[in-house]
Amino acid sequence: MARKKLIKNGVIVTASDRYEADILIEGETISAIGHNLPDGDAEVIDAKGCYVFPGAIDPHTHLDMPFGGTVTKDDFESGTMAAAFGGTTSIIDFCLTEKGKPLKDAIQTWHNKSKDKSVIDYSFHLMIGEINERVLSELPAVIQEEGISSLKVFMAYKNVFQADDETLFRTLIAAKDLGALVMVHAENGDVIDYLTKEALKNGNTDPVYHALTRPPEVEGEATGRAAQLTSLAKSQLYVVHVSCAEAVEKIAEARNKGVDIWGETCPQYLALDQSHLELPDFEGAKYVWSPPLREKWHQEVLWNALKSGQLQTLGSDQCSFDFNGQKSLGKGDFTKIPNGGPMIEDRVSILFSEGVMKGRITINQFVDIVSTRVAKLFGMFPKKGTISVGADADLVLFDPNKERILSAATHHMAVDYNAFEGMKITGEPVSVMVRGEFVVRDRQFVGKAGSGQYIKREKYGTMKKLKQNETQPI
Ligand code: URP
Ligand code: ZN
Ligand code: ZN
Ligand code: ZN
């Protein structure tokens, strides 16, 4: 068994507290938290000047994923290594399914992609592209045996991933009965399909037309539709990558009516805007993902929603494609630019710098948004997502004062550009531990491919049952 470790002199921050104490780690878990814990034979780690956060959890990644005629540049090895450098100790990746094929084959494919590669812990969401007797008969095992308690439905990407409303509605009903959280990519794919064809017909082929053919209304409409269907099914919904005021409005409206609905935004929507798509020499292609970047004023709406709790989590939506060789597939036709960007590494630090340091959210809200709330919604709490006795020792020693500049020259993702190139931020993960073992130590990678473990997650709502006396859902 690994030697005990004692983290001293750090300031522990959780979603609810901030205090100075030592943390004793035995094996993979935290065995004691207190003042002046005796060293015994433990290795002492000095966290002076650092916050100690629970390892961040990224609820939204696409690693080694075929999409847009190519495959994402980052796989489970480079992607999770970059995640670890960014303070993320667990991810939930989207497992794609194919119509007519068993769900279990898709899950096996995703296990094969990740098993010997991931350097941090990982789990999967499962895409639902069709609902029929075969799919319904497979779902109980997916949720109970595989521990995959979240199902993803795409309302966009017509003729690729898009599902119809019947599929979404029946998924919501099944998920309610089985204890899963339904996730939606909420954009109206049919309207986008029409608008993109019109744009091309009129000779509008530049990257900026990606944004102009997916206006905020198509996201607001789909978000509202999904919320209404959730209300009708008396089910539960998580809206991924919320980018605009129109979608926030629909989520807030439904929450106010008591619908069990949650919203995730991403660092790119908080820190970048639509003008990036207008960059000359096809550089706008670096910023092509869906939903698209919005006019700058939407950013403040998203920040306010995180602060007020109308949005609850931050996903990276990591889906990286090289600028050279992959994004370039869409030169002369923006619809052929693979959709997605590289965000897994900088997600946590951007929220800390732009959110906590600029006074937009509190440090406890920051921990909740990048870790605790994700663990609760996706059936991993309290093993993951907090610092408590018995929890996995997934910990981040974070220097809040370090000033640095985000760049492809220093990032650890395999992709050839950084979407936040040149951005000055404050704060840096110094050392990162997964289940008691360092993956990053003093800014150096010390992890190992394949050391990450697959996380079987609990059913949706388990936390709610534990906390019945609380008025707010989890
Ligand atoms: O453009 C994006 N977001 N690519 C990844 C797939 C998705 O829609 O999340
Ligand atoms: Zn003390
Ligand atoms: Zn999406
Ligand atoms: Zn995504």
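Only a predicted model underlies this, so the values are computations on that prediction, with no experimental measurement involved.

### Some thoughts on the overall build of the protein chain
Phase 1 of the analysis: Per the secondary structure count, the protein chain includes 13 helices and 21 strands.
Phase 2 of the analysis: Taking 23 Å as the expected radius of gyration for a compact globule of 474 residues, we find that the protein chain reaches 21 Å, a close match to that expectation.
Phase 3 of the analysis: Principal axes of the C-alpha set define a box for the protein chain whose edges measure 70 × 50 × 40 Å.
Phase 4 of the analysis: When each of the 474 residues of the protein chain is scored for burial, the buried share is 63%.
Phase 5 of the analysis: Carbon and sulfur atoms make up 49% of the accessible area of the protein chain, which totals about 17,900 Å².

### Remarks on the coordination of the zinc ion (ligand 3)
Phase 1 of the analysis: Within the protein, His185 (ND1) and His241 (NE2) serve as the donor atoms for the zinc ion (ligand 3), at 2.0 to 2.1 Å.
Phase 2 of the analysis: One can describe the site at the zinc ion (ligand 3) as irregular: its four donor atoms subtend angles covering 57 to 151° at the metal.
Phase 3 of the analysis: In this structure, the zinc ion (ligand 3) lies 3.8 Å away from the zinc ion (ligand 4). Within this pair, whereas His185 is found in strand S14 (residues 181-185), its partner His241 is found in the loop between strand S15 (236-239) and helix H8 (245-256), the two being separated by 56 residues in sequence. Note on accessibility: His185 and His241 belong to one class, buried.

### Re the pattern of salt bridges
Phase 1 of the analysis: Overall, the coordinates contain 33 salt bridges when judged by the stated rule.
Phase 2 of the analysis: Asp64 is paired through a salt bridge with Lys113; the nearest N and O atoms lie 3.8 Å apart. Linking Asp64 in the loop between strand S8 (56-61) and strand S9 (66-67) with Lys113 in helix H2 (residues 103-114), this pair joins segments that are 49 residues apart in sequence.
Phase 3 of the analysis: Measuring nitrogen to oxygen at the nearest pair gives 2.8 Å for the salt bridge that ties Asp121 to Arg435. One end of the pair, Asp121, is in strand S12 (residues 121-127); the other, Arg435, is in the loop between strand S19 (424-434) and strand S20 (437-441), with 314 residues separating them in the sequence. With respect to burial, Asp121 and Arg435 carry one shared label: buried.
Phase 4 of the analysis: Taken together, the shared-partner salt bridges in this structure form one network comprising Glu28, Asp121, Lys383, Lys384, Asp392, Asp394 and Arg435.

### Structural notes on the UniProt feature "domain: Amidohydrolase-related" (unreviewed entry) in the protein chain
Phase 1 of the analysis: On the UniProt side, "domain: Amidohydrolase-related" (unreviewed entry) is annotated at positions that read residues 51-439 here.
Phase 2 of the analysis: Taken end to end, residues 51-439 is 35% helix and 20% strand, and its two terminal C-alpha atoms sit 17 Å from one another.

### Details of the sheet that holds strand S4 (residues 22-26)
Phase 1 of the analysis: Here four strands make up an open sheet; going across it, the order is S5-S4-S1-S6 and the pairing mixed. Only two strands of the sheet have a single neighbouring strand rather than two, namely strand S5 (29-34) and strand S6 (43-46). Strand-to-strand, the axes of this sheet are offset by a mean angle of 20°, without reference to chain direction.
Phase 2 of the analysis: As defined by bridge partners, S4 adjoins S5 across five bridges and the pair is classed as antiparallel. Across the sheet, Ile25 pairs through a bridge with Ile30, a residue of S5.

### Observations regarding the sheet that holds strand S7 (residues 51-54)
Phase 1 of the analysis: In spatial order, the strands read S3-S2-S7-S18-S19-S20-S21; together these seven strands make up an open sheet with mixed pairing. Only two strands of the sheet have a single neighbouring strand rather than two, namely strand S3 (18-20) and strand S21 (444-445).
Phase 2 of the analysis: Both S19 and S20 contribute to a ladder of three bridges, which runs antiparallel. Residue Val432 lies in a different strand from S20, and its bridge partner there is Val440.

Reading the values: rules and limits
- Residues numbered from 1 in each chain as written.
- Chains lettered and ligands numbered in written order.
- Predicted model: local features only at pLDDT ≥ 70, side-chain atom pairs only at ≥ 80, totals over all residues.
- Heavy atoms only, no water.
- Helix = DSSP H or I, 4+ residues; strand = E, 2+ residues; numbered from the N terminus.
- Rg over C-alpha atoms; globule rule 2.2 N^0.38 Å.
- Buried < 20%, exposed > 50% of the residue type's maximum accessible area, 1.4 Å probe, protein only.
- Areas by Shrake-Rupley, 256 points an atom, 1.4 Å probe, with all protein chains shown as cover.
- Donors = N, O, S within 2.8 Å, 3.2 Å for Na, K, Ca; no water.
- Tetrahedral: all angles 85-135°; square planar, octahedral: opposite > 155°, others 65-115°.
- Salt bridge = Lys/Arg side-chain N within 4 Å of Asp/Glu carboxyl O.
- UniProt positions renumbered as here; feature names shortened; annotations may be inferred.
- Pairing = 2+ DSSP bridges.
- Axes fitted to C-alpha atoms, helices over the stretch in contact; angles between N-to-C directions.

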